[in-house]
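# Examination of the molecular architecture
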Amino acid sequence: MQKEDNLDLIHRYVAEVWDSAHPADPEVIRRFLSPSFRRHLLALGSPLDLEATIDRLQGLTTAFPDLKMTLEDLIVDDDKVAMRATLRATHMGEFLGIPPTGKQITVTIVDIFRVEQGQLVEGWGGFDVFDMLSQMGASVTIPS
């Protein structure tokens, strides 16, 4: 039963947080993410806590108000769910300091979540920010 419950949790998370009204509603996000949620984005950086994750989701869904996620793959192993999805959206608000371009973007997101007591407690991964910025027409300079 745990496998089906975890799959259902991810389907509801995508439908109610990513594909619903934007910007993302903090109360809806809190139904899916544990108060102790940690989002691991960088190998050497500190993970984001719940509030920082909510801010990040709100910023993303404000910049891309028509954002939709298509689940491509879901794999469940005990308390972990691996997800590969495609994000499609239009850049209609400021994102990472870049003013709206009106450009359509399509990027892949790969995430692994750990589930505990019906909520997501940890997440690793994310979408390809460099691909997204490139599609928006932004130039990225990596310092030497």
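Every value quoted in this text rests on a predicted model; they were computed, and no experiment measured them. (Residues numbered from 1 in each chain as written. Predicted model: local features only at pLDDT ≥ 70, side-chain atom pairs only at ≥ 80, totals over all residues. Heavy atoms only, no water.)

### A closer look at the overall build of the protein
Secondary structure summary: the protein contains four helices and five strands in total. Reading the secondary structure of the protein in the N-to-C direction produces α-α-β-α-β-β-β-β-α. Here the C-alpha radius of gyration of the protein, 15 Å, is about what a compact globule of 144 residues would show, namely 15 Å. Looking at the protein residue by residue over its 144 residues, the buried ones come to 38%. When contacts within the protein are restricted to residue pairs at least 6 apart in sequence, long-range pairs at least 24 apart make up 56% of them. Working note: accessible area of the protein is about 7900 Å², and carbon and sulfur atoms make up 53% of it. Side chains of the protein give 13 positive and 22 negative charges; the mean places of these two sets differ by 2 Å. (Helix = DSSP H or I, 4+ residues; strand = E, 2+ residues; numbered from the N terminus. Rg over C-alpha atoms; globule rule 2.2 N^0.38 Å. Buried < 20%, exposed > 50% of the residue type's maximum accessible area, 1.4 Å probe, protein only. Contact = heavy atoms within 4.5 Å. Areas by Shrake-Rupley, 256 points an atom, 1.4 Å probe, with all protein chains shown as cover. Lys, Arg positive; Asp, Glu negative; His and termini not counted. Charge placed at Lys NZ, Arg CZ, Asp CG, Glu CD.)

### Topic: the sheet that holds strand 1 (residues 33–40)
Taken in spatial order, the five strands of this open sheet run 1-5-4-3-2, and their pairing is mixed. Two strands in the sheet have a free side with no partner beyond their single neighbour: strand 1 and strand 2 (68–77). Taking the axes of each pair of neighbouring strands and ignoring which way they run, one obtains an average angle of 20° across the sheet. Here strand 3 (residues 80–90) runs beside strand 4 (residues 104–116); their pairing, made up of eleven bridges, is antiparallel. (Pairing = 2+ DSSP bridges. Axes fitted to C-alpha atoms, helices over the stretch in contact; angles between N-to-C directions.)

### Here we look at helix 3 (residues 50–63)
Its 14 residues place the ends of helix 3 20 Å apart at the C-alpha level, agreeing with the 20 Å of an ideal helix rising 1.5 Å per residue. Those residues of helix 3 hidden inside the fold are in contact with helix 1 (2–18), helix 2 (26–32), strand 1, strand 3, strand 5 (119–127) and helix 4 (129–135). Sitting at the amino-terminal end of helix 3 is D49, which places a side-chain oxygen 3.3 Å from the backbone nitrogen of E51. (Expected span 1.5 Å × (residues − 1). Polar contact = N/O pair within 3.5 Å; in protein donor to acceptor, adjacent residues only side chain to side chain.)

### Considering the side chain of T53
With respect to the element layout, T53 can be found in helix 3. The residues touching T53, leaving out its near neighbours within four places in the chain, are L33, F37, R39 and L48.

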